[in-house]
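# Descriptive analysis of the structure
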Amino acid sequence: PKAVFIDAKGGEFELDVPVGQTLMEAATDAMLDGIIGECGGVMSCATCHVYVDPAWVTKLQPADDIEESMIDVAREPQENSRLSCQITMSEELDGIVVHMPRSQF
Ligand code: FES
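## Regarding the overall build of the protein
Looking only at helices and strands, the protein has three helices and five strands in total. The N-to-C order of helical and strand elements in the protein reads β-β-α-β-α-α-β-β. Taking as baseline every contact in the protein between residues at least 6 positions apart, the subset at least 24 positions apart corresponds to 65%.

Right, dumping it as structure tokens:
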């Protein structure tokens, strides 16, 4: 499956993401500037914050309390904010579009 990452300047990056890999891992492997993933995916950094495209929000499992509280400390959180280390690729998410914030800390 593929995921599309759009940066704050409108640049689009389409990545192949194997099922079971998180979007944070895929983005850091590809060294996309917009996602840092400092904590390695244990929900303690919020530098993997993304805005999920509205068309895809309801296809994801809702964020749990820990994720919610980390999103609160991310920069400029919005309704569609998620941590990309908590979005695990599946066949259903093929084509998912996420927007990267202007900056991650
Ligand atoms: Fe640190 Fe997602 S990688 S919270």
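## Regarding the pairing of strand β5 (residues 96-99)
Along a regular strand, successive side chains alternate from one face of the sheet to the other. Residue alternation in β5 divides its side chains into a buried set, Ile96 and Val98, and an unburied set, Val97 and His99. Two strands pair when backbone bridges link them, and strand β1 (residues 2-6) and β5 are joined in this way by four bridges, in the parallel orientation. Residue pairing for β5: Ile6 is matched across the bridge by His99.

## Considering the environment of Thr22
Along the chain, Thr22 turns up in the loop between β2 (12-16) and α1 (23-29). Separated by 67 residues in sequence, Thr22 and Met89 have C-alpha atoms that sit 5.8 Å apart.

## What about the confidence of the model for the protein?
For the protein, the mean per-residue pLDDT works out to 95, and 98% of the residues sit at or above 70. Taken together, the chains of this predicted complex give a pTM of 0.95 and an interface ipTM of 0.99.

## Side note on the sheet that holds β2
Spatially, five strands are ordered β2-β1-β5-β3-β4 in an open sheet, and the strand pairing comes out mixed. The open sheet has two free edges, formed respectively by β2 and β4 (81-83), since each of these has just one partner strand. Going across the sheet, the axis of each strand differs from the next one's by a mean of 35°, ignoring polarity. The sheet contact formed by strand β3 (residues 49-52) and β4 spans three bridges and is antiparallel. For His49, the partnering residue across the bridge sits in β4 and is Leu83.

## A look at the pairing of β1
Here β1 shows a buried face lined by Ala3 and Phe5 and an unburied face lined by Lys2, Val4 and Ile6. As judged from the five bridges shared by β1 and β2, these two strands associate in the antiparallel manner. Of the residues in β2, the one forming a bridge with Lys2 is Asp16. Counting the residues that bridge the hairpin from β1 to β2 gives five residues, and of these Gly10 lies at a positive phi of roughly 95°.

## Considering the nonpolar core
The nonpolar side chains of a soluble globular protein tend to be buried with one another. Formed by 22 residues in total, the largest nonpolar core has its most connected members in Ala3, Leu23, Met24, Ala27 and Val98. With four residues, α1 is the largest single contributor of residues to this core. Val98 has contacts with Ala3, Phe5, Leu23, Val50, Tyr51, Val52, Asp53 and Ser84, leaving out every residue within four places of it along the chain.

The rules behind each value
- Residues numbered from 1 in each chain as written.
- Predicted model: local features only at pLDDT ≥ 70, side-chain atom pairs only at ≥ 80, totals over all residues.
- Helix = DSSP H or I, 4+ residues; strand = E, 2+ residues; numbered from the N terminus.
- Contact = placed C-beta atoms within 7 Å.
- Buried ≥ 20, exposed ≤ 12 C-beta atoms within 10 Å, placed from the backbone.
- Pairing = 2+ DSSP bridges.
- pLDDT = per-residue confidence, 0-100.
- Axes fitted to C-alpha atoms, helices over the stretch in contact; angles between N-to-C directions.
- Core = buried A, V, L, I, M, F, W, Y, C linked by C-beta atoms within 7 Å.

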